[in-house]
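The chain contents come next:
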Amino acid sequence: RDIPTPNLDGLKKAGVECTHGYVSHPFCSPTRAGLMTGRYQQRFGHENNPKYDPADTVAGLPVDQVFLAKLLKDAGYATGAVGKWHLGAAPCFHPNARGFGEYVGFIGGGHRYLPVPRDDKVEYAVPIDRNGKHEDHPEYMTDFLSAEAVSFVRRHAKEPFFLYLAYNAVHTPLEAPPKYLERFPKIEDPKRKAYAAMLSAMDDGIGTVLAALREEKLDENTLVFFLSDNGGPITVVPCSNAPFRGGKGQTYEGGIHVPFVARWTGTLPARTRCDHPVISLDLLVTA
């Protein structure tokens, strides 16, 4: 209640809130592997986070697995990924090799949010990757990813498109600029304040993407999903998965039960609750 998220709240009100939404794993990379393939990641041996090593052609999502992006690209969609990848650092695992026509973000499992000197060997300080070419760290990472997502929507507004926007917020490290921290003067715990600021920045960014869809008159022609890749890491930051037990890294409800919303204006009924279990694997077959 101490962190307003007006854009996420609006997305929920305009669509279907899946009250029993699940992911197929309680942490980063395996969850993304399930999402991208529509298969339980154990079926192809992707049960742990791969190490960051651009020379390792084994540590990543096996190349024989077909991605949602490849299916949609073959069906005539422009395909783009923005943000966190974490499905293998070697070129054979790169988003452009898995069906994404465009990619901008960071290949590893996380990144610093505020600008830092680039270091090709340090996972959280690697340069930004734009279709295989490197760029320096931008302004605040969350704002940068939001702007790139909006750019993709506007550039492809006249054709079918699939956009995978994978914020690293609200993953550690807990970093936010003053303009977001200042929104929470009543939160005294510095970790909670930073966490709140990061979530607020992400909510702002989601608002700009939804606004772009609206301005391009695409609301009634676009299916939007929002979900997390795991429950909150309760041993790391002051967050809560209440009323569920456990958190990130655990297969208790708190680790795999996540916020899960679907919106398709004019097709899916607004202000609706779906109380049946749904899972991130459903996105591929739905799309």
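Residues numbered from 1 in each chain as written. Predicted model: local features only at pLDDT ≥ 70, side-chain atom pairs only at ≥ 80, totals over all residues. Heavy atoms only, no water.

### Looking at the environment of Gly110
Rule in force here: Helix numbers and strand numbers start at the N terminus; a helix is a DSSP run of H or I with at least 4 residues, a strand a run of E with at least 2. It only takes one pair of heavy atoms within 4.5 Å for two residues to be counted as in contact.
One can find Gly110 in the loop between β4 (102-106) and β5 (128-130). Once the C-alpha coordinates of Gly110 and Val126 are considered, the two residues, 16 residues apart in sequence, prove to be 9.7 Å apart. Not counting residues up to four positions away in its chain, the partners in contact with Gly110 are Glu123 and Tyr124.

### Side note on helix α2 (residues 28-37)
Let me state the cut-off plainly: Any residue under 20% of the maximum accessible area for its type is buried, any over 50% is exposed, and the rest in between are partly exposed; the area is computed with a 1.4 Å probe on protein chains only.
The element α2 is extensively covered by neighbouring structure, given that 10 of its 10 residues are classed as buried. Residues of α2 that are buried include every one of Cys28, Ser29, Pro30, Thr31, Arg32, Ala33, Gly34, Leu35, Met36 and Thr37, and no others. Its buried side turned inward, α2 meets α3 (68-74), β3 (78-84), β7 (161-166) and α8 (282-286). Of the residues trailing α2, Gly38 is marked for its positive phi of about 70°.

### Some remarks on the pattern of salt bridges
Stated formally: What makes a salt bridge here is a side-chain nitrogen of Lys or Arg within 4 Å of a carboxyl oxygen of Asp or Glu, nothing more.
The final tally for this structure, using the stated rule, is 15 salt bridges. Residues Asp229 and Arg32 are paired through a salt bridge, measuring 2.8 Å at the closest nitrogen-oxygen approach. Residue Asp229 is found in the loop between β8 (224-227) and α7 (253-256), and its partner Arg32 is found in helix α2; the two are separated by 197 residues along the sequence. Both residues of the pair, Asp229 and Arg32, belong to the buried class. Between Arg183 and Asp204 there is a salt bridge, and its shortest N-O distance comes to 2.7 Å. A residue pair is termed long-range when its members are at least 10 positions apart, and Arg183 in the loop between α5 (178-181) and α6 (190-215) and Asp204 in helix α6 qualify at 21 residues. Taking relative accessible area as the criterion, Arg183 reaches 39% and is therefore assigned partly exposed. The partly exposed category is assigned to Asp204, whose relative accessible area is 27%.

### Observations concerning empty space enclosed by the protein
Where we set the bar: Computed over the protein atoms alone on a 1 Å grid, cavities are sets of points where a 1.4 Å probe fits but cannot get out and pockets are open sets with protein on both sides within 12 Å along at least five of seven lines; a residue lines them when it has an atom within 4 Å of a point. Grid points are joined across faces, edges and corners, and a volume is the space filled by probe spheres set on the points. The classification used treats Ala, Val, Leu, Ile, Met, Phe, Trp, Tyr, Cys and Pro as nonpolar, Asp, Glu, Lys and Arg as charged, and all other residues, Gly among them, as polar.
The tally for this structure, following the rule as stated, stands at one cavity of 30 Å³ or more. Contributing to the lining of the largest cavity are Pro50, Lys51, Tyr52, His86, Leu87, Gly88, Ala89, Ile107, Gly108, Gly109 and Glu123. Here the lining of the largest cavity is built from residues that sort into five nonpolar, four polar and two charged.

### Regarding the sheet that holds β5
Defined as follows: Note on pairing: two strands pair once DSSP finds at least 2 bridges between them. Each axis is a line fitted through C-alpha atoms, and for a helix only the stretch in contact is used; angles between axes span 0 to 180 degrees, taken between their N-to-C directions.
Taken in spatial order, the five strands make up an open sheet running β6-β5-β4-β3-β7, and their pairing is mixed. Looking at the sheet topology across the chains shown, the edges are occupied by β6 (133-135) and β7. Strand-to-strand twist of the sheet, defined as the mean angle between neighbouring strand axes without regard to direction, takes the value 15°. Bridge count for β4 against β5 is two bridges, and the pairing is antiparallel. The partner of Gly105 across the bridge, within β5, is Asp129.

### Observations regarding the sheet that holds strand β10 (residues 272-274)
Strands belonging to one sheet form pairs held by backbone hydrogen bonds; the direction of such a pair is parallel or antiparallel. Across the sheet, which stays open at both edges, the four strands sit in the order β8-β9-β1-β10 with mixed pairing between neighbours. Across the chains shown, the open sheet's two edge strands, defined by having one partner strand only, are β8 and β10. Ignoring which end each strand starts from, the neighbouring axes of this sheet average 20° apart. Note that strand β1 (residues 16-18) and strand β9 (residues 260-263) share two bridges and pair antiparallel. Counted as the bridge partner of Glu17 is Val261 from β9.

### Let's talk about the packing of helix α1 (residues 6-13) against α6
Applicable threshold: Geometric relationships in this document are graded by angle, where less than 35 degrees denotes roughly parallel, more than 145 denotes roughly antiparallel, 65 to 115 denotes roughly perpendicular, and other angles denote oblique.
Closest axis-to-axis distance for the α1/α6 pair is 7 Å, and the angle between their directions is 50°. The orientation of α1 with respect to α6, classified from their angle, is oblique. Of the residues in α6, those touching α1 at Pro6, Asn7, Leu8 and Leu11 are Met202, Asp203, Asp204, Ile206, Gly207 and Leu210. Looking at the contact of α1 with α6, its residues break down into six nonpolar, two polar and two charged.

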